[in-house]
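Chains, contacts and geometry: an overview
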Amino acid sequence: FLTVSNLLNVLEQTAINAIVAVGMTFVIISGGIDLSVGSVLALSGIALGSALQAGAAVPVAIALALAVGLGCGLVNGVLVTFGRLPPFIATLGMMSVARGAALMLAEGRPISGFDDGFRMLATGRVLMMPAPVIIAGLIYAVAHFVLGHTVFGRATYAIGGNEEAARLSGVHVRYHKTAIYGVAGLMSAAAAVILTARLNSAQPTAGTMYELDAIAATVIGGTSLLGGEGTIMGALIGALIMGVLRNGLNLLNVSSFFQQVVIGVVIIGAVLVDMSLKRHRR
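Right, let's walk through the structure included here.

Moving on, we come to the environment of A102. By the secondary structure assignment, A102 is in helix α4 (residues 87–106). Separated by 61 residues in the primary sequence, A102 and L41 have C-alpha atoms spaced 9.5 Å apart. Residue contacts for A102: discarding those within four places in its chain leaves A42, L43, I46 and P204.

What follows deals with unusual backbone geometry. A positive phi is found at L127, a non-glycine position, where the angle reads about 55°. Here L127 is to be found in the loop between β2 (125–126) and β3 (129–130). The residue N200 is not glycine, and still its phi comes out positive at about 55°. By secondary structure assignment, the location of N200 is in the loop between α9 (173–199) and β4 (201–202).

Before going further, it helps to examine the pattern of salt bridges. In the structure shown here, the tally under the stated rule is 4 salt bridges. Linking E163 and K177 is a salt bridge whose minimum nitrogen-to-oxygen distance equals 3.2 Å. With E163 in helix α8 (residues 163–168) and K177 in helix α9, this pair connects stretches of sequence that are 14 residues apart. Using a relative accessible area of 37% as the deciding quantity, one classes E163 as partly exposed.

Analysis parameters
Residues numbered from 1 in each chain as written. Predicted model: local features only at pLDDT ≥ 70, side-chain atom pairs only at ≥ 80, totals over all residues. Heavy atoms only, no water. Helix = DSSP H or I, 4+ residues; strand = E, 2+ residues; numbered from the N terminus. Contact = heavy atoms within 4.5 Å. Salt bridge = Lys/Arg side-chain N within 4 Å of Asp/Glu carboxyl O. Buried < 20%, exposed > 50% of the residue type's maximum accessible area, 1.4 Å probe, protein only.

In short, geometric facts, not functional conclusions.
Okay, here's the thing in structure tokens:
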């Protein structure tokens, strides 16, 4: 376990979930939830793969994928803010729509066979550090700055803490909540780019259960499901805990089925501890 190659492997395997968890952290801090991130990841990946297969330049294809993810997120935000749908229902609907659209566009088949230049996003290394880890690190640095040192970040915490008080304080709640869901969609698309490059294939079934992994990483990292509390670095720690746990169980040859049980127990335990600490502070 404690070898450089294995620890780098853990970081590389964790990078995709960690990126998705960034968007989920913004949403949960604002008092919402997003169940569509896995399906949006799949749809963005299919858009990316289709563009590359059609001969589009790599930057253009990546921009298309990011636009698809951002668009899906903004639709979620509009449904929640202007449509006044509960976040659970709005994103559950988007989960089905995005997955169905991905399957239709790909006709149920993976899209594969991309240039080595594109695959460098997953296979490249800088000073032994895998490219996905570097990309994830840059995303976390930007997200940490935005959440902790900008008006948008402060508004995110304010909305999650007390939406009505935030509105009365001058926060444009509808605009900010829509943008927050847009961030979640954008992060799913960024993860789709790395996953597609890593697999050398865009798969319409990709991202299954990723929403639960992202929620788990966010909650384990200390973000409150009630909103108004949490950090980006906490989400990173949560994602790393899950990555280390899965890697250790694999090295111990533990059944993948039992691994799901262990992960579930860890999630429940983390929430119980979090709630207990909150009650104790009060």
